[in-house]
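Here's the letter readout for the chains.
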Amino acid sequence: VRVAFPVLTPDAERTFLLHAIPVSTAAIVVGSFARLSYAAVVAAAVGIFAAFIGGSFPQVAGSTYIGPLQSLEYAMVATAGGLAGAAAINRAERINRYALAGIAAALATGAAMASFWLFEMPRANVDLAWIGLAAGIHGAASAVLGLGIFALLAFALGITSRIQLLELAQPEHPLLRRLQEEAPGTYHHSMLVGSLAERAAIAIGADPLLARVGAYYHDIGKLAMPRYYIENMLEEGAASPHDGLPPEESARIIRAHVTNGLELARKHRLPDVIRDFIPQHHGTRLVSYFYRTAVREGRQPDPADFRYEGPRPQSREAAIVMLADSCEAVIRAGDHDPAAIDQSVDAVIAERLAEGQFDECDITMRDLQAIARTFKATFRAVYHPRVRYPQPTPEELASVA
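Thresholds applied
The residue numbers shown here count from 1 along each chain, following its written sequence. Local features in this predicted model are restricted to residues whose pLDDT is 70 or higher, and side-chain atom pairs enter the listing and the counts only when it is 80 or higher, whereas totals over whole chains, interfaces and linings include all residues. To obtain the side-chain values, all non-hydrogen atoms of the structure were included, while hydrogens and water were left out. Here a strand is any run of E in DSSP of at least two residues, a helix any run of H or I of at least four, and the numbering for each starts at the N terminus. Radius of gyration: C-alpha atoms only; globule rule: 2.2 Å multiplied by the number of residues to the exponent 0.38. The buried label goes to any residue with under 20% of its type's maximum accessible area, the exposed label to any with over 50%, and the partly exposed label to all in between, with areas taken from a 1.4 Å probe on protein chains only. Throughout, a residue-residue contact means that at least one pair of heavy atoms, one from each residue, lies within 4.5 Å. The Shrake-Rupley method, run with a 1.4 Å probe sphere, supplies the accessible areas, and residue values consider only the shown protein chains as cover. Counting rule applied: Lys, Arg positive; Asp, Glu negative; His and chain ends not counted. A single reference atom marks each charge: NZ on Lys, CZ on Arg, CG on Asp, CD on Glu. Put simply, a salt bridge is a Lys or Arg side-chain nitrogen that is within 4 Å of an Asp or Glu carboxyl oxygen. Axis definition: a line fitted to C-alpha atoms, over the contacting stretch in the case of helices. Angles run 0 to 180 degrees between N-to-C directions. These descriptions rest on fixed angle ranges, namely under 35 degrees for roughly parallel, over 145 for roughly antiparallel, 65 to 115 for roughly perpendicular, and the rest for oblique. Crossings are assigned a handedness: left-handed for a near helix turned anticlockwise from the far helix by less than a right angle, right-handed for a clockwise turn. Residues are grouped as follows: nonpolar covers Ala, Val, Leu, Ile, Met, Phe, Trp, Tyr, Cys and Pro; charged covers Asp, Glu, Lys and Arg; every other residue, Gly included, is treated as polar. A cavity here means a set of points on a 1 Å grid, drawn over the protein atoms and nothing else, where a 1.4 Å probe fits but cannot get out; a pocket is an open set with protein on both sides within 12 Å along at least five of seven lines, and a residue lines either one if it has an atom within 4 Å of a point. Grid points are joined across faces, edges and corners, and a volume is the space filled by probe spheres set on the points. A helix is expected to span 1.5 Å multiplied by its residue count minus one. Here the bend at a residue means the angle between the axes of two seven-residue stretches, the one that ends at it and the one that starts at it. Exposure above 30% relative accessible area and the lack of any salt bridge qualify a residue for a patch; like charges then connect within 9 Å, and the nonpolar side chains Val, Leu, Ile, Met, Phe, Trp and Tyr within 5 Å.

**Q** Run through the overall build of the protein, naming residues and quoting values.
**A** Scanning the protein from terminus to terminus reveals 18 helices and 0 strands. Here the C-alpha radius of gyration of the protein, 30 Å, is well above what a compact globule of 401 residues would show, namely 21 Å. C-alpha atoms of the protein, sized along the principal axes, occupy 95 × 65 × 40 Å. A burial count over the protein gives 45% of its 401 residues as buried. The contacts in the protein between residues at least 6 apart in sequence include a share of 75% that link residues at least 24 apart. Put simply, the protein shows about 20700 Å² of open surface, and 60% of that area lies on carbon and sulfur atoms. Distance between charge centroids for the protein: 2 Å, based on 35 positive and 41 negative side chains.

What follows is the structure, encoded as structure tokens:
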């Protein structure tokens with residue numbers, strides 16, 4: 001605004017190009033990262049500030065752009081474009097949302113300009129063509145600049161955008177592809193955990209996309225030794241690779257999927273916000289199966305040899321994934337009766353509370369109750385009963401033959 005105002009004023013030829021300055025860029029950039037309410041505040045503030053800058057130029061004194069009425073007009077037009085652009089972008093999840101934001105900013109800017117034009121005297125129909133041109137330049141420039149600044153800020157500040165999260169959620173990602181081919185049991189477990197986490201995050205007002213993507217990658221460390229995890233032992237009756245190993249060694253292998261996962265995440269440049277799910281989904285829990293095995297053998301094992309290093313969940317999304325991961329494993333191995341499902345979910349949540357796993361995140365008891373309700377509903381849908389079909393009749397067999 002400060003650079004363009006002296007060039008474009010006074011507008012003696014009524015080209016309205018003053019309104020082509022892409023002041024909506026600020027609101028579009030903020031709307032890409034933050035909530036719509038904050039972007040709306042930025043749109044209004046930038047509109048008012050731009051009008052103040054323009055109206056205070058000494059070199060435009062005495063021109064057609066001077067005085068409170070013209071300043072108010074510019075502020076309202078600029079604010080309208082910013083509000084429309086921010087509403088259209090609203091934490092963009094796809095690149096094409098920037099095109100939509102540009103169109104919305106152009107339409108809002110043009111509509112606001114046309115509204116003021118109706119009250120001007122004298123006026124000419126050719127003014128509408130110039131208004132449309134100025135609004136189009138404003139919208140297109142705001143969208144292009146917004147996308148460019150968004151990409152630069154995300155890279156420079158290490159911010160994980162919604163677009164990046166959606167790309168990570170695609171099954172074609174190399175890590176998810178490897179997981180599907182080399183550890184199919186872990187892959188399907190992760191998909192179900194992602195579905196559970198997404199629905200629970202919606203219920204408590206957390207970030208559902210972040211929870212789902214974090215769940216997809218929480219167990220990628222199992223790619224290092226997939227056959228040492230029960231969900232990938234697909235041959236019925238085959239011997240477990242843990243047979244003959246001391247419990248401490250088996251626990252070390254199981255715990256290694258956290259460090260292996262962090263290494264894979266660094267290698268594939270996963271964002272920090274996704275890497276955090278890998279150690280936090282186990283927190284500081286024990287590898288309880290092998291710890292209890294050692295106790296049953298009459299030994300006094302050191303809990304440190306069986307305990308994950310943590311940290312405990314630091315966010316509500318990580319806490320949700322911890323619960324979804326544990327509940328999925330417990331319920332898959334247990335009874336699928338609805339009453340048994342409810343009991344298992346409540347027991348897992350109570351156990352994690354007693355262990356203090358949620359002491360470092362801001363999840364509440366009300367949140368946990370909502371999470372439990374969504375888990376129970378989802379598990380009942382996954383393990384719903386099916387009709388057992390009778391044997392085919394002789395007529396059907398004859399027809400097939």
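The structure having been displayed, the exposition proceeds.
**Q** Hey, could you go over unusual backbone geometry for me, with residue numbers and the actual values?
**A** A cis amide bond links G310 with the next residue in sequence, P311, at an omega value of 10°. On the secondary structure map, P311 appears in the loop between α14 (288-296) and α15 (316-333). Unlike most non-glycine residues, F16 shows phi in positive territory, near 60°. Examined against the element boundaries, F16 turns out to sit in the loop between α1 (5-8) and α2 (25-33). Residue classification places F16 among the buried positions, given a relative accessible area of 9%.

**Q** Give a description of the pattern of salt bridges that names residues and reports values.
**A** This model, assessed by the stated rule, comprises 20 salt bridges. Salt-bridge contacts for D367 lead to R316; the nearest nitrogen and oxygen are separated by 3.6 Å. You can see D367 sitting in helix α17 (residues 365-382) and its partner R316 sitting in helix α15, a full 51 residues away along the chain. Among the charged side chains, a network of salt bridges with common partners joins R285, E351, R352 and E355.

**Q** With reference to specific residues and values, describe the packing of α15 against helix α16 (residues 338-354).
**A** In the contact formed by α15 and α16, the axes pass within 10 Å of each other and the chain directions differ by 135°. Regarding the angle of α15 to α16, the classification is oblique. Here the hand of the crossing between α15 and α16 comes out right-handed. Two secondary-structure elements touch here, α15 through M322, L323, S326, C327, V330 and I331 and α16 through I341, S344, V345, V348, I349 and R352. Its residues assigned to classes, the contact of α15 with α16 comprises 9 nonpolar, 2 polar and 1 charged.

**Q** Quick one: what's the story with empty space enclosed by the protein, residue by residue and with numbers?
**A** Counting across every chain of the model gives 1 cavity of 30 Å³ or more. Size it by volume and the largest cavity reaches roughly 50 Å³. As for the largest cavity, its lining consists of R227, M233, L234, E235, A238, A239, S240 and P241. Its residues assigned to classes, the lining of the largest cavity shows 5 nonpolar, 1 polar and 2 charged.

**Q** Can you lay out helix α11 (residues 247-267) for me, pointing to particular residues and giving the numbers?
**A** Helix length check: α11, at 21 residues, gives a terminal C-alpha distance of 30 Å against a target of 30 Å (1.5 Å per residue), a fit within 8%. Approximately 30° is the largest bend angle found in α11, and it occurs at A256. Within the span of α11, buried status applies to P247, S250, A251, I253, I254, A256, H257, V258, G261, L264 and A265. Where α11 is buried, its residues touch α8 (174-182), α12 (272-275), α13 (277-280) and α14.

**Q** How would you summarise a nonpolar patch on the surface if you had to cite specific residues and measurements?
**A** Residues L145, I149, L153, L157 and I159 make up a contiguous nonpolar surface patch of about 390 Å² in total accessible area. Position of L145 relative to the elements: it lies in helix α6 (residues 126-157).

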